[in-house]
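Structure assessment
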Amino acid sequence: MTQLYLKLNESVWGSGDYTDSNTYALTGTIYSDPSFDTAFNLTGFTLRIKMYSQPDETTMIDESASIVSAGAGTWRFKPSQNILSTKGLYTVVIEASQSGTLVQTINRQELMIR
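The present account deals with the structure reproduced in this document. Quick caveat, the model's predicted, so the values are computed rather than measured. (Residues numbered from 1 in each chain as written. Predicted model: local features only at pLDDT ≥ 70, side-chain atom pairs only at ≥ 80, totals over all residues. Heavy atoms only, no water.)

Looking at where Leu-89 falls in the secondary structure, it is placed in strand 7 (residues 88–98). Given the relative accessible area of 30%, Leu-89 is considered partly exposed. Each C-alpha atom, one on Leu-89 and one on Thr-2, is 28 Å from the other, the two residues being 87 residues apart in sequence. Apart from the residues lying within four places of it in its own chain, the contact partners of Leu-89 are Tyr-52, Ser-53, Gln-54, Glu-110, Leu-111 and Met-112. (Helix = DSSP H or I, 4+ residues; strand = E, 2+ residues; numbered from the N terminus. Buried < 20%, exposed > 50% of the residue type's maximum accessible area, 1.4 Å probe, protein only. Contact = heavy atoms within 4.5 Å.)

Take the pairing of strand 9 (residues 109–113) next. Alternating positions in strand 9 separate cleanly, Gln-109, Leu-111 and Ile-113 being buried on one face and Glu-110 and Met-112 remaining unburied on the opposite face. Relative to strand 9, strand 2 (residues 12–13) is paired through 2 bridges, and the arrangement is parallel. If you follow Trp-13 over to strand 9, its bridge partner there is Ile-113. (Pairing = 2+ DSSP bridges.)

Glancing now at the nonpolar core. In this structure, Leu-26, Ile-30, Leu-47, Ile-49, Met-51, Trp-75 and Leu-111 are the most contacted members of the largest nonpolar core, which totals 24 residues. At the level of elements, strand 1 (5–8), strand 3 (26–31), strand 4 (46–53), strand 5 (59–69), strand 6 (74–77), strand 7 and strand 9 are the ones that each hand at least two residues to this core. Considering every element that reaches this core, the biggest residue donor is strand 7, with 4 residues. In contact with Ile-49, other than residues within four places in its own chain, are Leu-26, Ile-61, Asp-62, Glu-63, Ala-65, Trp-75, Phe-77, Val-92, Val-93 and Ile-94. (Core = buried A, V, L, I, M, F, W, Y, C linked by side-chain atoms within 4.5 Å.)

As structure tokens, then:
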């Protein structure tokens with residue numbers, strides 16, 4: 001069974017921030033090992049970003065994410081207006097699917113919306 005590990009590039013996001021610019025987005029890398037040494041090749045996969053509020057684990061976001069570089073395992077999510085508007089601490093997970101197979105990152109990554 002494939003195990004995926006997520007590393008976010010951001011740990012804090014401004015409440016309600018959004019833009020059409022590709023340079024302003026939540027970004028990260030998916031790895032195939034817990035030490036973050038080997039990027040997971042995302043070729044042929046589609047991605048979803050899921051965010052859960054803490055501590056109750058209520059789903060806040062379940063949206064498509066874009067692959068930036070499949071070979072490097074990198075992705076991007078550009079929130080639209082009011083998507084990330086509720087302040088708090090959230091757990092972030094990425095789901096990767098390909099041909100009927102769904103794999104979710106297994107480590108805990110947190111994002112503070114302030």
